[in-house]
Amino acid sequence: MSPAADAATLTARRSTRFVAWVRAWRAGLVPFDELADEIAADEEHLVADAPGTWTDVPLGQALPAFAKLHPDEIRLVLPAPGDPRGLPGPGDLTGAAMLAGEAVMTPGFGVVPEVRRHTSGSGVTFETVLWRFFPVADYRPVFQLGSAEAEAELTQALAEATTQLTRLDVAQWRPELAGALQALRRPESTATLPPGFDPRSRRLFARASILDQVLALAEHNAPGGAVNTYEAQQRDAALRPLTTACRQALVAACNSPLHA
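Quick caveat, the model's predicted, so the values are computed rather than measured. (Residues numbered from 1 in each chain as written. Predicted model: local features only at pLDDT ≥ 70, side-chain atom pairs only at ≥ 80, totals over all residues. Heavy atoms only, no water.)

Here's the deal with the overall build of the protein chain
- Looking only at helices and strands, the protein chain has 10 helices and six strands in total.
- Put simply, the protein chain has 260 residues, and 47% of those count as buried.
- If you take every contact in the protein chain between residues at least 6 apart in sequence, the share linking residues at least 24 apart comes to 69%.
- Accessible area of the protein chain: about 12900 Å², with a carbon and sulfur share of 54%. (Helix = DSSP H or I, 4+ residues; strand = E, 2+ residues; numbered from the N terminus. Buried < 20%, exposed > 50% of the residue type's maximum accessible area, 1.4 Å probe, protein only. Contact = heavy atoms within 4.5 Å. Areas by Shrake-Rupley, 256 points an atom, 1.4 Å probe, with all protein chains shown as cover.)

A short note on helix α5 (residues 92–100)
- Here α5 has its buried residues at L93, T94 and A97. The arc enclosing the buried residues of α5, seen along the axis, measures out at 95°, which places them on a common side. The exposed set on the far side of α5, more than 90 degrees from its buried face, consists of D92 and L99.
- Considering only its buried residues, α5 is in contact with β4 (103–105), β5 (109–119) and β6 (125–135).
- Where α5 ends, the next residue or the one after it, G101, has phi of about 80°, a positive value. (Arc of directions from axis to C-beta.)

Let's talk about the nonpolar core
- The biggest cluster of nonpolar side chains holds 51 residues, and the ones touching the most others in it are F18, V22, L63, F66, L154 and L242.
- Sorting the residues of this core by element identifies α2 (14–26), α3 (32–40), α4 (59–62), β5, β6, α6 (147–167), α9 (199–220) and α10 (229–254) as the ones contributing at least two each.
- Looking at which element gives the most residues to this core, the answer is α10, with 10 residues.
- Once residues lying within four places of it in the same chain are set aside, the contact partners of V22 are L35, I39, L63, F66 and I74. (Core = buried A, V, L, I, M, F, W, Y, C linked by side-chain atoms within 4.5 Å.)

Quick word on the packing of aromatic side chains
- Counted according to the given criterion, the structure contains six aromatic pairs.
- With centroids separated by 5.5 Å and ring planes inclined at 55°, the aromatic side chains of F18 and F66 adopt a geometry described as tilted. A residue pair is termed long-range when its members are at least 10 positions apart, and F18 in helix α2 and F66 in the loop between α4 and β3 (75–77) qualify at 48 residues. The same class applies to F18 as to F66, namely buried.
- Feature note: the residues F18, F66, F109, W131 and F133 constitute an aromatic cluster, connected by ring pairs.
- When the ring centre of W25 is taken as reference, the NZ or CZ atom of R26 above it lies at 5.0 Å. (Phe/Tyr/Trp six-rings, centres within 6.5 Å; stacked < 30°, edge-to-face > 60°. Lys NZ or Arg CZ within 6 Å of the ring centre and 35° of its normal.)

Focus: the environment of T155
- In this fold, T155 is placed in helix α6.
- In the structure, T155 is positioned 52 residues away from R207 in sequence and 9.9 Å away in space, judged by C-alpha atoms.

A closer look at the sheet that holds β5
- Read across the sheet, six strands follow the order β2-β1-β6-β5-β4-β3 without closing on themselves; strand pairing throughout is mixed. Strands with a single pairing partner mark the edges of an open sheet, and in this sheet they are β2 (57–58) and β3.
- Both strand β1 (residues 44–48) and β6 contribute to a ladder of five bridges, which runs parallel. Among the inter-strand pairings, A48 is bridged to a residue of β6, identified as R132. (Pairing = 2+ DSSP bridges.)

Some remarks on the pattern of salt bridges
- Here the structure, examined in full by the defined rule, presents 12 salt bridges.
- R14 is the salt-bridge partner of E43, the closest N and O atoms lying 2.7 Å from each other. Placement of the pair is E43 in the loop between α3 and β1 and R14 in helix α2, with a sequence separation of 29 residues.
- By relative accessible area, R14 is classed as buried at 12%.
- Across the pair R14 and E127 runs a salt bridge, and its minimum N-O distance is 3.4 Å. With R14 in helix α2 and E127 in strand β6, the pair connects residues that are 113 residues apart, well separated along the chain. (Salt bridge = Lys/Arg side-chain N within 4 Å of Asp/Glu carboxyl O.)

Quick notes on the environment of L211
- Relative to the helices and strands, L211 is located in helix α9.
- It is 9.8 Å that separates the C-alpha atoms of L211 and A12, two residues lying 199 residues apart in sequence.

Re the packing of α2 against α3
- One can describe the packing of α2 onto α3 by two numbers: an axis separation of 9 Å at closest approach and a directional angle of 170°. As judged from the angle between their axes, α2 and α3 are roughly antiparallel. Contacts between α2 and α3 pair R17, F18, W21, V22 and W25 from the former with F32, L35, E38 and I39 from the latter.
- Partitioned by chemical class, the residues of the contact of α2 with α3 number seven nonpolar, no polar and two charged. (Axes fitted to C-alpha atoms, helices over the stretch in contact; angles between N-to-C directions. Parallel < 35°, antiparallel > 145°, perpendicular 65-115°, else oblique. Nonpolar A, V, L, I, M, F, W, Y, C, P; charged D, E, K, R; others polar.)

Considerations on the environment of T128
- Within the secondary structure, T128 is located in strand β6.
- When its relative accessible area of 10% is taken as the criterion, T128 is described as buried.
- For the pair T128 and E44, spaced 84 residues apart in sequence, the C-alpha to C-alpha distance is 5.1 Å.
- For T128, the residues in contact, after removing those within four places along its chain, are E44, E114, V115, R116 and H118.

Dropping the structure here:
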């Protein structure tokens, strides 16, 4: 895998881990004691406005709010501008989720992460993640692609994007992006889901989670002056269907049925 793809995995969407591990816990496949650490990894995670709390609390103290939910009632939503699928109507929850580009949805509440960056007195920069609870009334999930359909669409979109970017000679001005996309055509990754997810969902999640960050890297690092506006627009047009397919793949993998 290219350095770009490796670096990108450090900032994967946090709601994917949240949903996958909480669903596995509710299915009885992982112990509660491991839950907060698996979700947070090496970051500091706090929770605001959790039921029964009056101040920000550590992640582990808020997770019992999911204790009465069936795994299938806990859903990943990855909205994007112009595509709010999976969210309720206009309101604070939808606004926060659209801003974050992700959310965890249940029948009675949604949870959205907010990344806060801090600088210590010695100049060291670090991040904390604040999960904020929002009440919703009788939330019902929308239709989504299954893992098989999402995998097929992702494979097709990846092949088409690679072909178009090759034609645009993206390797000349963004070699790390071109190399990452080529590598991602092969199913090699270390990204994992907790117990209970079938092999197809694991493969799909592994591929899509890295690709998602490669695409984010491409978006936040504009090409240099050698590329004109028309070429940049062509690049964006080539990546847009792939970005959509990638989001669908992550949602399908994390929301897929669990097996004992």
